[in-house]
Amino acid sequence: MAKNLSVSVVSADQQIWAGDATMVIAKTVEGEIGILAGHEPLLAILSAGEVRVNAASGERLVVRADDGFLSVENDTVTIVARDAELIK
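Residues numbered from 1 in each chain as written. Predicted model: local features only at pLDDT ≥ 70, side-chain atom pairs only at ≥ 80, totals over all residues. Heavy atoms only, no water.

Our working definition: UniProt positions are given in the numbering used here, feature names are shortened, and annotations may be inferred rather than shown by experiment.
An unreviewed UniProt entry lists the chain under the name F0F1 ATP synthase subunit epsilon, from Herbiconiux sp. A18JL235. Under the UniProt heading Subcellular location (unreviewed entry), the note attached to the chain is "Cell membrane".

Next comes the structure, spelled out in structure tokens:
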């Protein structure tokens, strides 16, 4: 069975979403990046845009995120944005 990612998406004042996911796709200042289990450690600056999360439950989430960063370490993805909103 494939290993999942532990994902947390937070804005400056609240947690937007947290849970297990199979994939995260985010827009960074250097382009779009996809994260799967086993990804190398990474710290990236987010660009204004969407973060897409494929939850382990099969649900697909879209979060609008502005000004922040994305961190990956040991199958844990943390997305911190100045402003973020779950749009679906």
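Let's pick the thread back up.
## So, the overall build of the chain
The following threshold applies: Strands here mean DSSP runs of E at least two residues long; helices mean DSSP runs of H or I at least four residues long; both are numbered from the N terminus. Based on C-alpha atoms, the radius of gyration is set beside the globule rule, defined as 2.2 Å times the residue count to the power 0.38. In this scheme, a residue with accessible area under 20% of its type's maximum is buried, one over 50% is exposed, and one in between is partly exposed, where area comes from a 1.4 Å probe on protein chains only. Whether two residues are in contact is decided by their heavy atoms, any of which lying within 4.5 Å being enough. Where accessible areas are quoted, they stem from the Shrake-Rupley method and a 1.4 Å probe; at the residue level, only the protein chains shown are allowed to cover.
Counting its regular elements, the chain contains zero helices and six strands. Ordered by position from the N terminus, the helices and strands of the chain form the series β-β-β-β-β-β. Its C-alpha atoms give the chain a radius of gyration of 12 Å, near enough to 12 Å, the size a compact globule of 88 residues would have. Each principal axis of the C-alpha atoms in the chain carries an extent, and together these give about 35 × 25 × 20 Å. Counting the 88 residues in the chain, one finds 38% classified as buried. Look at the contacts in the chain between residues 6 or more apart in sequence, and 46% of them connect residues 24 or more apart. Accessible area for the chain stands at about 5100 Å²; split by element, carbon and sulfur atoms hold 49% of it.

## Comments concerning the nonpolar core
For the record, the criterion: In these notes, a set of buried Ala, Val, Leu, Ile, Met, Phe, Trp, Tyr and Cys residues joined through side-chain atoms within 4.5 Å is what counts as a nonpolar core.
Counting 22 residues, the largest nonpolar core has Val-7, Val-24, Val-51, Val-53, Leu-70, Val-77 and Ile-79 as its most contacted members. Those elements giving two or more residues to this core turn out to be strand S1 (5–10), strand S2 (15–28), strand S4 (42–55), strand S5 (60–73) and strand S6 (76–86). Once residues within four sequence positions are removed from consideration, Val-51 is found in contact with Val-24, Ile-25, Ala-26, Leu-61, Val-62, Val-63, Ala-65 and Ile-79.

## Here we look at the pattern of salt bridges
Note the following rule: Every case where a carboxyl oxygen of Asp or Glu lies within 4 Å of a side-chain nitrogen of Lys or Arg is listed as a salt bridge.
Counted by the stated rule, this structure contains six salt bridges. Between Glu-32 and Arg-52 there is a salt bridge whose closest N-O contact spans 3.4 Å. Taken as a pair, Glu-32 in strand S3 (residues 31–35) and Arg-52 in strand S4 lie far apart in primary sequence, 20 residues in all. The exposure class of Glu-32 is exposed, given its relative accessible area of 55%. Arg-64 serves as the salt-bridge partner of Asp-83, at 3.4 Å between the closest nitrogen and oxygen. One end of the pair, Asp-83, is in strand S6; the other, Arg-64, is in strand S5, with 19 residues separating them in the sequence.

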